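Results of the structural survey
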Amino acid sequence: MARDGGDKLKEACGVFGVYCTDPRRNAASLVYYGLFSLQHRGQESAGIAVQAPPPEGKNEHTIECRKGMGLVGEVFNGEVLSQLKSPAAVGHVRYSTSGTSSIENAQPFVSHFKLGSIAVVHNGTLTNADVVRELLEDAGVGFTSSSDSEVIINLIAKNYKKGLEKALTDTIKFIKGSYALVVLTGDAMVGARDPNGIRPLCLGRLNGPAPDENGASHESGVSGGGWILASESCAIDAVGGTFIRDIEPGEVVIIKRDDVLSFTFSEKTRRAVCAFEYVYFARPDSTIDSVDVYGARVRAGEILGRESAVAADLVVGVPDSGIPAAIGYGRATGAPFGLGIVKSKYVGRTFIAPDQGLRERAVSVKHNVIGSEVRNKRVVLIDDSIVRGTTSRRLVAILKDAGAREVHIRICSPPVRFPCYFGIDTPHRKDLISNMNGVNELCASLGADSLAFISVEGLLESIDPDWGGKDKAGYCLGCFTGEYPIPVSGER
Ligand code: SF4
(Lines give C-alpha, C1' and ligand atoms only; values in the text may rest on other atoms or scores of the structure.)
Protein backbone atom coordinates (compact mmCIF):
# COMPACT_ATOMS: atom_id res chain seq x y z
CA MET A 1 0.00 0.00 0.00
CA ALA A 2 1.17 3.46 -0.69
CA ARG A 3 0.44 6.71 1.07
CA ASP A 4 -0.59 9.94 -0.62
CA GLY A 5 -0.61 8.37 -4.02
CA GLY A 6 2.77 6.65 -3.58
CA ASP A 7 4.28 9.11 -6.02
CA LYS A 8 7.08 10.71 -4.05
CA LEU A 9 10.35 9.34 -2.81
CA LYS A 10 9.94 9.06 0.93
CA GLU A 11 12.20 10.96 3.29
CA ALA A 12 14.29 8.73 5.46
CA CYS A 13 14.21 9.82 9.10
CA GLY A 14 14.94 12.79 11.30
CA VAL A 15 17.23 12.80 14.35
CA PHE A 16 17.44 15.38 17.10
CA GLY A 17 19.33 15.56 20.39
CA VAL A 18 19.68 18.14 23.17
CA TYR A 19 22.34 18.22 25.89
CA CYS A 20 21.78 20.90 28.56
CA THR A 21 24.74 22.02 30.64
CA ASP A 22 22.48 22.80 33.62
CA PRO A 23 21.27 19.45 35.01
CA ARG A 24 18.02 21.11 36.17
CA ARG A 25 16.89 21.86 32.62
CA ASN A 26 14.52 19.55 30.79
CA ALA A 27 15.74 18.42 27.38
CA ALA A 28 12.78 16.15 26.51
CA SER A 29 10.38 19.06 25.85
CA LEU A 30 12.96 20.70 23.59
CA VAL A 31 13.41 17.43 21.68
CA TYR A 32 9.62 17.26 21.30
CA TYR A 33 9.66 20.68 19.59
CA GLY A 34 12.66 19.71 17.47
CA LEU A 35 10.92 16.55 16.28
CA PHE A 36 7.85 18.55 15.28
CA SER A 37 9.95 20.58 12.92
CA LEU A 38 11.49 17.39 11.46
CA GLN A 39 8.11 15.70 11.00
CA HIS A 40 8.41 16.02 7.21
CA ARG A 41 11.30 13.50 7.37
CA GLY A 42 9.17 10.69 8.81
CA GLN A 43 5.59 10.22 9.89
CA GLU A 44 5.35 6.56 10.84
CA SER A 45 6.72 6.61 14.36
CA ALA A 46 8.28 8.97 16.88
CA GLY A 47 10.34 8.42 20.01
CA ILE A 48 12.36 10.18 22.71
CA ALA A 49 14.99 8.68 25.04
CA VAL A 50 16.39 10.49 28.11
CA GLN A 51 19.15 9.99 30.65
CA ALA A 52 17.62 8.69 33.87
CA PRO A 53 19.17 8.65 37.37
CA PRO A 54 20.91 5.44 38.47
CA PRO A 55 18.59 2.78 39.93
CA GLU A 56 18.90 2.33 43.72
CA GLY A 57 22.22 0.85 44.75
CA LYS A 58 23.82 1.48 41.33
CA ASN A 59 26.19 4.18 40.13
CA GLU A 60 25.54 4.13 36.41
CA HIS A 61 22.86 6.30 34.85
CA THR A 62 20.33 4.45 32.82
CA ILE A 63 18.17 5.43 29.82
CA GLU A 64 14.39 5.71 29.63
CA CYS A 65 12.55 5.72 26.34
CA ARG A 66 9.01 6.34 25.06
CA LYS A 67 8.09 5.67 21.46
CA GLY A 68 5.01 4.87 19.45
CA MET A 69 3.50 4.65 15.99
CA GLY A 70 2.18 7.92 14.59
CA LEU A 71 3.02 11.59 14.38
CA VAL A 72 4.96 13.36 17.14
CA GLY A 73 1.76 15.02 18.40
CA GLU A 74 -0.01 11.64 18.54
CA VAL A 75 2.76 9.82 20.42
CA PHE A 76 3.56 12.54 22.98
CA ASN A 77 1.42 14.67 25.23
CA GLY A 78 2.07 16.68 28.37
CA GLU A 79 1.66 13.67 30.63
CA VAL A 80 4.16 11.50 28.72
CA LEU A 81 6.68 14.36 28.52
CA SER A 82 6.36 15.04 32.24
CA GLN A 83 7.70 11.52 32.86
CA LEU A 84 10.77 12.23 30.75
CA LYS A 85 12.51 14.95 32.74
CA SER A 86 16.23 14.95 32.04
CA PRO A 87 18.97 17.39 30.96
CA ALA A 88 19.83 15.25 27.92
CA ALA A 89 17.53 13.59 25.42
CA VAL A 90 17.53 12.25 21.86
CA GLY A 91 14.58 11.80 19.55
CA HIS A 92 13.64 10.33 16.21
CA VAL A 93 10.92 10.47 13.57
CA ARG A 94 10.83 7.53 11.21
CA TYR A 95 9.79 6.52 7.77
CA SER A 96 10.75 2.87 7.23
CA THR A 97 13.30 2.21 4.52
CA SER A 98 14.92 -0.87 6.02
CA GLY A 99 12.88 -2.95 8.38
CA THR A 100 9.11 -3.02 8.45
CA SER A 101 6.79 -0.29 9.66
CA SER A 102 6.17 -1.51 13.21
CA ILE A 103 6.82 -0.49 16.79
CA GLU A 104 9.75 -2.98 17.04
CA ASN A 105 11.58 -0.88 14.45
CA ALA A 106 10.64 2.50 15.94
CA GLN A 107 13.56 4.49 17.37
CA PRO A 108 15.39 5.34 19.65
CA PHE A 109 16.97 1.94 20.23
CA VAL A 110 18.16 1.44 23.78
CA SER A 111 20.70 -1.04 25.08
CA HIS A 112 21.34 -1.76 28.76
CA PHE A 113 24.54 -3.56 29.63
CA LYS A 114 26.92 -4.03 32.53
CA LEU A 115 28.74 -0.71 32.10
CA GLY A 116 25.70 1.44 31.50
CA SER A 117 23.00 2.18 28.96
CA ILE A 118 22.96 3.90 25.60
CA ALA A 119 20.29 5.08 23.17
CA VAL A 120 20.84 5.47 19.44
CA VAL A 121 18.89 7.37 16.78
CA HIS A 122 19.89 6.86 13.17
CA ASN A 123 19.04 8.33 9.78
CA GLY A 124 20.31 6.29 6.84
CA THR A 125 20.76 2.75 5.62
CA LEU A 126 23.73 0.44 6.09
CA THR A 127 24.87 -1.37 2.97
CA ASN A 128 26.56 -4.12 5.02
CA ALA A 129 23.85 -4.53 7.70
CA ASP A 130 23.23 -8.21 6.85
CA VAL A 131 26.90 -9.12 7.20
CA VAL A 132 27.30 -7.27 10.51
CA ARG A 133 24.04 -8.74 11.84
CA GLU A 134 25.22 -12.27 11.00
CA LEU A 135 28.57 -11.71 12.71
CA LEU A 136 26.87 -10.38 15.83
CA GLU A 137 24.36 -13.24 15.87
CA ASP A 138 27.24 -15.72 15.55
CA ALA A 139 28.75 -14.03 18.61
CA GLY A 140 25.52 -14.62 20.54
CA VAL A 141 23.95 -11.15 20.23
CA GLY A 142 20.15 -11.25 20.02
CA PHE A 143 18.02 -8.91 17.87
CA THR A 144 14.46 -7.79 18.49
CA SER A 145 13.89 -5.90 15.21
CA SER A 146 14.80 -5.93 11.54
CA SER A 147 16.21 -2.39 11.68
CA ASP A 148 19.75 -1.40 10.65
CA SER A 149 19.86 0.85 13.68
CA GLU A 150 19.72 -2.10 16.06
CA VAL A 151 22.80 -3.46 14.29
CA ILE A 152 24.61 -0.21 15.17
CA ILE A 153 23.59 -0.16 18.82
CA ASN A 154 24.53 -3.82 19.31
CA LEU A 155 27.91 -3.19 17.75
CA ILE A 156 28.53 -0.19 20.03
CA ALA A 157 27.36 -2.21 23.05
CA LYS A 158 29.70 -5.07 22.13
CA ASN A 159 32.67 -2.67 21.97
CA TYR A 160 31.68 -0.50 24.94
CA LYS A 161 34.14 -2.03 27.39
CA LYS A 162 36.91 -0.35 25.35
CA GLY A 163 35.49 3.04 26.36
CA LEU A 164 32.98 5.23 24.51
CA GLU A 165 35.36 6.84 22.05
CA LYS A 166 36.98 3.57 21.00
CA ALA A 167 33.64 1.74 20.88
CA LEU A 168 32.26 4.38 18.54
CA THR A 169 35.25 4.51 16.25
CA ASP A 170 35.43 0.71 16.06
CA THR A 171 31.72 0.59 15.26
CA ILE A 172 31.68 3.26 12.62
CA LYS A 173 34.80 1.94 10.94
CA PHE A 174 32.99 -1.35 10.56
CA ILE A 175 29.65 -0.17 9.22
CA LYS A 176 29.18 0.94 5.61
CA GLY A 177 26.48 3.01 4.00
CA SER A 178 24.77 6.21 5.03
CA TYR A 179 24.27 7.35 8.58
CA ALA A 180 23.70 10.42 10.67
CA LEU A 181 23.80 9.11 14.23
CA VAL A 182 23.08 10.62 17.62
CA VAL A 183 24.00 8.50 20.64
CA LEU A 184 23.02 9.23 24.24
CA THR A 185 25.04 7.70 27.08
CA GLY A 186 24.82 8.19 30.83
CA ASP A 187 26.88 11.38 30.69
CA ALA A 188 27.42 12.38 27.08
CA MET A 189 25.76 12.93 23.72
CA VAL A 190 27.58 11.89 20.56
CA GLY A 191 27.02 12.72 16.90
CA ALA A 192 28.55 10.97 13.88
CA ARG A 193 28.17 11.34 10.14
CA ASP A 194 29.20 8.77 7.55
CA PRO A 195 32.46 9.33 5.62
CA ASN A 196 30.56 10.51 2.51
CA GLY A 197 28.20 12.74 4.47
CA ILE A 198 25.24 11.35 2.53
CA ARG A 199 22.66 12.21 5.19
CA PRO A 200 22.80 15.62 6.90
CA LEU A 201 23.64 16.38 10.53
CA CYS A 202 24.38 19.73 12.14
CA LEU A 203 25.45 21.18 15.48
CA GLY A 204 23.70 24.01 17.28
CA ARG A 205 24.14 25.92 20.52
CA LEU A 206 21.23 25.88 22.93
CA ASN A 207 20.75 29.30 24.47
CA GLY A 208 19.93 29.82 28.16
CA PRO A 209 16.25 30.06 29.14
CA ALA A 210 14.66 33.31 27.96
CA PRO A 211 13.85 35.75 30.80
CA ASP A 212 10.29 37.09 31.04
CA GLU A 213 9.45 40.82 31.20
CA ASN A 214 10.52 40.86 34.87
CA GLY A 215 13.89 39.38 34.01
CA ALA A 216 13.04 35.99 35.53
CA SER A 217 13.49 32.68 33.77
CA HIS A 218 10.36 30.66 32.96
CA GLU A 219 12.26 27.52 33.94
CA SER A 220 12.64 28.55 37.56
CA GLY A 221 16.12 28.47 38.95
CA VAL A 222 17.81 27.07 35.86
CA SER A 223 20.48 28.71 33.77
CA GLY A 224 23.00 27.86 31.13
CA GLY A 225 22.71 26.64 27.59
CA GLY A 226 23.85 23.47 25.95
CA TRP A 227 24.19 21.73 22.62
CA ILE A 228 21.92 20.47 19.87
CA LEU A 229 22.44 17.87 17.15
CA ALA A 230 19.85 17.86 14.37
CA SER A 231 19.18 16.49 10.90
CA GLU A 232 18.30 19.97 9.71
CA SER A 233 18.96 23.51 10.90
CA CYS A 234 15.20 24.34 10.91
CA ALA A 235 14.91 22.15 14.05
CA ILE A 236 17.63 24.17 15.80
CA ASP A 237 15.64 27.33 15.01
CA ALA A 238 12.49 25.69 16.42
CA VAL A 239 14.00 25.47 19.91
CA GLY A 240 15.51 28.96 19.79
CA GLY A 241 19.03 27.60 19.32
CA THR A 242 21.85 28.98 17.21
CA PHE A 243 23.20 27.04 14.25
CA ILE A 244 26.95 26.50 14.70
CA ARG A 245 28.07 24.28 11.81
CA ASP A 246 27.48 21.07 9.89
CA ILE A 247 29.07 17.91 11.21
CA GLU A 248 31.71 17.03 8.61
CA PRO A 249 31.60 13.74 6.69
CA GLY A 250 33.53 11.18 8.73
CA GLU A 251 33.44 13.32 11.89
CA VAL A 252 32.45 12.35 15.43
CA VAL A 253 31.57 14.93 18.10
CA ILE A 254 31.40 13.97 21.76
CA ILE A 255 29.49 16.47 23.90
CA LYS A 256 30.09 16.39 27.64
CA ARG A 257 29.25 19.30 29.94
CA ASP A 258 30.43 22.41 28.05
CA ASP A 259 32.98 20.62 25.88
CA VAL A 260 32.61 19.43 22.32
CA LEU A 261 35.39 17.04 21.42
CA SER A 262 35.65 16.43 17.68
CA PHE A 263 37.68 13.92 15.71
CA THR A 264 37.67 12.41 12.26
CA PHE A 265 37.34 8.66 12.17
CA SER A 266 37.75 7.96 8.48
CA GLU A 267 40.45 8.52 5.94
CA LYS A 268 39.67 11.17 3.38
CA THR A 269 36.73 10.04 1.28
CA ARG A 270 34.60 11.62 -1.37
CA ARG A 271 31.94 13.96 0.02
CA ALA A 272 28.64 12.85 -1.50
CA VAL A 273 25.74 14.69 0.10
CA CYS A 274 22.32 13.49 -1.15
CA ALA A 275 21.35 15.90 -3.95
CA PHE A 276 17.68 15.10 -3.33
CA GLU A 277 17.85 16.81 0.07
CA TYR A 278 17.99 20.12 -1.83
CA VAL A 279 15.35 19.16 -4.40
CA TYR A 280 12.70 17.80 -2.09
CA PHE A 281 13.51 16.17 1.27
CA ALA A 282 14.73 19.07 3.39
CA ARG A 283 12.60 21.97 4.53
CA PRO A 284 13.18 25.18 2.52
CA ASP A 285 14.09 27.08 5.71
CA SER A 286 17.02 24.71 6.39
CA THR A 287 20.66 25.11 5.46
CA ILE A 288 22.50 21.90 4.60
CA ASP A 289 26.28 21.87 4.23
CA SER A 290 26.33 25.66 3.89
CA VAL A 291 23.69 25.66 1.13
CA ASP A 292 20.40 27.43 1.76
CA VAL A 293 17.76 24.96 0.54
CA TYR A 294 15.24 27.62 -0.54
CA GLY A 295 17.91 29.42 -2.59
CA ALA A 296 18.91 26.14 -4.29
CA ARG A 297 15.27 25.50 -5.26
CA VAL A 298 14.79 29.00 -6.71
CA ARG A 299 18.04 28.59 -8.68
CA ALA A 300 16.86 25.21 -9.99
CA GLY A 301 13.81 26.99 -11.43
CA GLU A 302 15.98 29.71 -12.98
CA ILE A 303 18.22 27.10 -14.57
CA LEU A 304 15.21 25.16 -15.89
CA GLY A 305 14.01 28.44 -17.42
CA ARG A 306 17.39 28.84 -19.09
CA GLU A 307 17.59 25.22 -20.25
CA SER A 308 14.01 24.68 -21.45
CA ALA A 309 11.98 27.89 -21.74
CA VAL A 310 8.62 27.71 -23.48
CA ALA A 311 6.12 30.46 -24.37
CA ALA A 312 3.68 30.64 -21.45
CA ASP A 313 1.07 32.84 -19.73
CA LEU A 314 1.43 31.38 -16.22
CA VAL A 315 4.00 29.45 -14.14
CA VAL A 316 2.54 27.24 -11.44
CA GLY A 317 4.49 25.26 -8.82
CA VAL A 318 3.18 21.98 -7.44
CA PRO A 319 2.91 22.73 -3.69
CA ASP A 320 4.98 22.81 -1.63
CA SER A 321 8.44 22.06 -2.96
CA GLY A 322 7.67 23.11 -6.59
CA ILE A 323 6.80 26.68 -5.56
CA PRO A 324 10.32 28.16 -5.02
CA ALA A 325 11.39 26.70 -8.39
CA ALA A 326 8.29 28.15 -10.08
CA ILE A 327 9.28 31.57 -8.70
CA GLY A 328 12.77 31.07 -10.16
CA TYR A 329 11.45 29.86 -13.52
CA GLY A 330 9.14 32.89 -13.73
CA ARG A 331 12.05 35.23 -12.95
CA ALA A 332 14.24 33.64 -15.61
CA THR A 333 11.65 33.56 -18.41
CA GLY A 334 9.50 36.59 -17.59
CA ALA A 335 6.33 34.44 -17.43
CA PRO A 336 4.08 35.45 -14.50
CA PHE A 337 4.08 33.19 -11.44
CA GLY A 338 0.68 32.32 -9.93
CA LEU A 339 -0.96 29.92 -7.50
CA GLY A 340 -2.89 27.70 -9.90
CA ILE A 341 -2.92 24.59 -7.68
CA VAL A 342 -4.05 24.22 -4.08
CA LYS A 343 -2.91 21.36 -1.87
CA SER A 344 -4.98 19.88 0.95
CA LYS A 345 -2.82 20.06 4.05
CA TYR A 346 -4.76 17.25 5.68
CA VAL A 347 -3.93 14.45 3.25
CA GLY A 348 -0.93 12.75 4.71
CA ARG A 349 0.16 9.79 6.71
CA THR A 350 -3.30 8.36 7.25
CA PHE A 351 -4.29 8.63 3.61
CA ILE A 352 -3.96 5.16 2.11
CA ALA A 353 -4.19 4.45 -1.60
CA PRO A 354 -4.54 0.67 -1.80
CA ASP A 355 -4.12 0.20 -5.56
CA GLN A 356 -3.22 2.07 -8.74
CA GLY A 357 -6.86 2.94 -9.54
CA LEU A 358 -7.34 4.57 -6.18
CA ARG A 359 -3.96 6.29 -6.39
CA GLU A 360 -5.34 8.32 -9.31
CA ARG A 361 -8.21 9.47 -7.05
CA ALA A 362 -5.79 10.14 -4.19
CA VAL A 363 -4.02 12.77 -6.30
CA SER A 364 -7.34 14.58 -6.90
CA VAL A 365 -8.08 14.65 -3.19
CA LYS A 366 -4.65 16.07 -2.51
CA HIS A 367 -4.53 18.76 -5.22
CA ASN A 368 -7.15 20.96 -6.84
CA VAL A 369 -6.94 23.67 -9.49
CA ILE A 370 -7.94 27.35 -9.22
CA GLY A 371 -9.94 27.42 -12.46
CA SER A 372 -10.10 31.22 -12.82
CA GLU A 373 -6.30 31.41 -12.68
CA VAL A 374 -5.53 28.85 -15.41
CA ARG A 375 -8.45 29.16 -17.86
CA ASN A 376 -7.37 29.79 -21.48
CA LYS A 377 -3.72 30.02 -20.44
CA ARG A 378 -0.54 28.28 -21.53
CA VAL A 379 0.60 26.89 -18.18
CA VAL A 380 4.10 25.78 -17.14
CA LEU A 381 3.78 23.27 -14.29
CA ILE A 382 6.89 22.96 -12.10
CA ASP A 383 7.42 19.94 -9.85
CA ASP A 384 10.38 18.59 -7.89
CA SER A 385 10.46 15.09 -9.41
CA ILE A 386 8.56 12.41 -11.30
CA VAL A 387 8.62 8.98 -9.67
CA ARG A 388 5.65 6.88 -10.88
CA GLY A 389 4.05 9.67 -12.93
CA THR A 390 0.67 9.40 -11.18
CA THR A 391 0.70 12.94 -9.78
CA SER A 392 1.89 14.62 -12.98
CA ARG A 393 -0.66 12.77 -15.16
CA ARG A 394 -3.52 13.73 -12.89
CA LEU A 395 -2.39 17.35 -12.56
CA VAL A 396 -2.21 17.75 -16.33
CA ALA A 397 -5.73 16.30 -16.59
CA ILE A 398 -7.26 18.58 -13.96
CA LEU A 399 -5.49 21.66 -15.37
CA LYS A 400 -6.86 20.88 -18.84
CA ASP A 401 -10.33 20.12 -17.43
CA ALA A 402 -10.21 23.54 -15.80
CA GLY A 403 -9.57 25.15 -19.19
CA ALA A 404 -5.74 25.42 -19.45
CA ARG A 405 -4.93 25.70 -23.16
CA GLU A 406 -1.49 24.04 -22.89
CA VAL A 407 0.35 22.35 -20.02
CA HIS A 408 4.16 22.18 -20.14
CA ILE A 409 5.84 20.19 -17.37
CA ARG A 410 9.27 21.23 -16.06
CA ILE A 411 10.99 19.10 -13.42
CA CYS A 412 13.69 20.33 -11.00
CA SER A 413 15.51 17.01 -10.82
CA PRO A 414 16.90 14.83 -13.59
CA PRO A 415 14.85 11.68 -14.39
CA VAL A 416 14.84 9.23 -11.43
CA ARG A 417 15.91 5.97 -13.09
CA PHE A 418 17.70 4.05 -10.35
CA PRO A 419 16.95 2.96 -6.78
CA CYS A 420 18.42 4.62 -3.70
CA TYR A 421 20.41 2.41 -1.31
CA PHE A 422 21.13 5.12 1.25
CA GLY A 423 17.99 5.60 3.27
CA ILE A 424 15.36 6.76 0.77
CA ASP A 425 12.42 4.56 -0.13
CA THR A 426 12.32 4.16 -3.92
CA PRO A 427 9.75 2.05 -5.79
CA HIS A 428 10.88 -1.01 -7.73
CA ARG A 429 12.85 -0.09 -10.81
CA LYS A 430 9.96 -1.15 -13.06
CA ASP A 431 7.72 1.40 -11.29
CA LEU A 432 10.14 4.28 -11.87
CA ILE A 433 8.44 5.72 -14.93
CA SER A 434 11.62 7.40 -16.22
CA ASN A 435 13.42 4.08 -16.13
CA MET A 436 10.86 2.56 -18.45
CA ASN A 437 10.27 5.52 -20.81
CA GLY A 438 12.18 8.15 -22.75
CA VAL A 439 11.20 11.83 -22.30
CA ASN A 440 8.96 11.95 -25.41
CA GLU A 441 7.13 8.74 -24.52
CA LEU A 442 6.73 9.94 -20.96
CA CYS A 443 5.40 13.34 -22.10
CA ALA A 444 2.77 11.60 -24.25
CA SER A 445 1.80 9.26 -21.42
CA LEU A 446 1.31 12.21 -19.07
CA GLY A 447 -0.84 14.05 -21.63
CA ALA A 448 1.40 17.13 -21.45
CA ASP A 449 2.26 19.48 -24.33
CA SER A 450 5.96 19.34 -23.47
CA LEU A 451 8.18 17.88 -20.76
CA ALA A 452 11.73 18.74 -19.70
CA PHE A 453 13.94 17.81 -16.76
CA ILE A 454 16.80 19.86 -15.36
CA SER A 455 20.17 18.45 -16.46
CA VAL A 456 22.52 16.81 -13.95
CA GLU A 457 24.89 19.75 -14.48
CA GLY A 458 22.00 22.19 -13.94
CA LEU A 459 21.09 20.47 -10.66
CA LEU A 460 24.70 20.71 -9.45
CA GLU A 461 24.80 24.39 -10.40
CA SER A 462 21.53 25.01 -8.52
CA ILE A 463 23.09 23.60 -5.34
CA ASP A 464 26.48 25.24 -5.84
CA PRO A 465 26.43 28.24 -8.20
CA ASP A 466 30.27 28.21 -8.20
CA TRP A 467 30.38 24.59 -9.28
CA GLY A 468 31.46 25.66 -12.77
CA GLY A 469 31.59 22.13 -14.22
CA LYS A 470 34.80 21.31 -12.30
CA ASP A 471 33.88 17.91 -11.06
CA LYS A 472 30.80 15.97 -10.09
CA ALA A 473 32.17 15.06 -6.66
CA GLY A 474 30.44 16.55 -3.68
CA TYR A 475 26.95 15.19 -4.17
CA CYS A 476 25.34 11.78 -4.50
CA LEU A 477 23.45 11.58 -7.79
CA GLY A 478 22.92 7.80 -7.69
CA CYS A 479 19.18 7.70 -8.41
CA PHE A 480 19.72 9.88 -11.51
CA THR A 481 22.96 8.45 -12.90
CA GLY A 482 23.23 4.94 -11.41
CA GLU A 483 26.70 5.90 -10.14
CA TYR A 484 26.82 5.54 -6.37
CA PRO A 485 29.40 6.95 -3.95
CA ILE A 486 29.65 3.58 -2.18
CA PRO A 487 29.75 0.29 -4.10
CA VAL A 488 26.35 -1.39 -3.92
CA SER A 489 26.21 -5.10 -4.54
CA GLY A 490 23.98 -5.97 -7.48
CA GLU A 491 24.24 -2.52 -9.06
CA ARG A 492 26.41 -1.80 -12.03
S1 SF4 B 1 20.58 7.77 -4.56
FE2 SF4 B 1 19.35 9.66 -4.82
S3 SF4 B 1 17.99 9.76 -3.01
FE4 SF4 B 1 19.61 8.26 -2.57
S5 SF4 B 1 21.22 9.41 -1.48
FE6 SF4 B 1 21.76 9.43 -3.65
S7 SF4 B 1 20.80 11.30 -4.49
FE8 SF4 B 1 19.86 10.89 -2.49
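Structure shown above.
Keep in mind it's a predicted model, so treat the numbers as computed, not measured.

**Considerations on the nonpolar core**
In terms of nonpolar packing, the biggest core is built from 50 residues, with Phe 276, Tyr 278, Ile 382, Phe 422, Leu 459, Tyr 475 and Phe 480 touching the most fellow members. Of all the secondary structure elements, the ones that give two or more residues to this core are β15 (272–274), α8 (276–281), α9 (293–307), α10 (322–333), β22 (378–383), α16 (456–463), β25 (474–476) and α17 (478–481). Shared between two domains, this core holds at least three residues of each, these being domain 1 (7–269) and domain 2 (296–470). Contacts of Phe 422, omitting those with residues within four sequence positions, involve Gly 124, Thr 125, Thr 127, Ser 178, Ile 198, Arg 199, Cys 476, Tyr 484, Pro 485, Ile 486 and Val 488.

**Observations regarding the site of the ligand**
Near the ligand the following residues occur: Ile 198, Arg 199, Cys 274, Ala 275, Cys 420, Phe 422, Ile 424, Cys 476, Gly 478 and Cys 479. Partitioned by chemical class, the residues of the shell around the ligand number eight nonpolar, one polar and one charged.

**Remarks on the pattern of salt bridges**
Under the counting rule described, the total for this entry stands at 20 salt bridges. For Asp 289, the salt bridge identified is with Arg 193, shortest N-O distance 2.7 Å. Of this pair, Asp 289 sits in the loop between β16 (287–288) and β17 (291–292) while Arg 193 sits in strand β9 (residues 189–193); the two residues are 96 residues apart in sequence, bridging distant segments of the chain. Judged on exposure class, the residue Asp 289 and its partner Arg 193 are both buried. Here Glu 277 and Arg 199 are joined by a salt bridge, their closest N and O atoms 3.3 Å apart. Here Arg 199 lies in the loop between β9 and β10 (202–206) and Glu 277 lies in helix α8, a separation of 78 residues in the sequence. On the basis of relative accessible area, Glu 277 is assigned to the buried category, the value being 0%.

**Examining unusual backbone geometry**
That bond from Gln 107 to Pro 108 is cis: its omega, 10°, falls within 30 degrees of zero. Summarising the element assignment, Pro 108 is placed in the loop between β5 (88–94) and β6 (109–113). Although it is not a glycine, Arg 257 sits at a positive phi angle of roughly 50°. Within the secondary structure layout, Arg 257 lies in the loop between β13 (251–256) and β14 (259–264). Residues other than glycine seldom take positive phi values, yet Asn 376 does so here, at roughly 65°. Structurally, Asn 376 can be placed in the loop between α12 (371–374) and β22.

**Examining the environment of Phe 174**
Following the sequence through the fold, Phe 174 ends up in helix α6 (residues 164–174). With 46 residues separating them along the chain, Phe 174 and Asn 128 place their C-alpha atoms 8.9 Å apart. With near-sequence residues (within four places) excluded, Phe 174 lies in contact with Asn 128, Val 132, Leu 135 and Leu 155.

**What to know about the sheet that holds strand β8 (residues 180–184)**
A sheet is described by the order of its strands in space; here six strands give the open sequence β6-β7-β8-β9-β13-β14, paired in antiparallel fashion. Sheet topology places β6 and β14 at the edges, where each strand pairs with a single neighbour. The sheet shows a mean angle of 15° between the axes of neighbouring strands, taken without regard to direction.

**Considering the packing of helix α5 (residues 148–159) against α6**
Angle between the axes and distance between the axes: these two values describe a pair of packed helices. Between α5 and α6, the shortest axis-to-axis distance is 8 Å and the interhelical angle comes to 135°. Considered as vectors, α5 and α6 are oriented oblique to each other. α6 is crossed by α5, and the crossing has right-handed handedness. Contact residues: Ile 152, Leu 155, Ile 156 and Asn 159 in α5; Ala 167, Leu 168, Asp 170, Thr 171 and Phe 174 in α6.

**Regarding empty space enclosed by the protein**
On inspection of all chains with the given rule, the structure shows three cavities of 30 Å³ or more. Of the pockets and cavities examined, the largest cavity occupies roughly 110 Å³. Listed by contribution, the elements that provide at least two residues to the lining of the largest cavity are α8 and α17. No other element matches the three residues that α17 contributes to the lining of the largest cavity. Of the residues assigned to the lining of the largest cavity, the class counts are 15 nonpolar, one polar and one charged. Mapped onto the domain boundaries, the lining of the largest cavity takes at least three residues apiece from domain 1 (7–269) and domain 2 (296–470).

The rules behind these values
Residues numbered from 1 in each chain as written. Predicted model: local features only at pLDDT ≥ 70, side-chain atom pairs only at ≥ 80, totals over all residues. Heavy atoms only, no water. Core = buried A, V, L, I, M, F, W, Y, C linked by side-chain atoms within 4.5 Å. Buried < 20%, exposed > 50% of the residue type's maximum accessible area, 1.4 Å probe, protein only. Helix = DSSP H or I, 4+ residues; strand = E, 2+ residues; numbered from the N terminus. Domains from an automatic or database assignment. Contact = heavy atoms within 4.5 Å. Near = heavy atom within 4 Å. Nonpolar A, V, L, I, M, F, W, Y, C, P; charged D, E, K, R; others polar. Salt bridge = Lys/Arg side-chain N within 4 Å of Asp/Glu carboxyl O. Pairing = 2+ DSSP bridges. Axes fitted to C-alpha atoms, helices over the stretch in contact; angles between N-to-C directions. Parallel < 35°, antiparallel > 145°, perpendicular 65-115°, else oblique. Left-handed = near helix turned anticlockwise from the far one by under 90°. 1 Å grid on protein atoms, 1.4 Å probe; cavity = no way out; pocket = protein on both sides within 12 Å on 5 of 7 lines; lining within 4 Å. Points joined across faces, edges and corners; volume = space filled by probe spheres on them.

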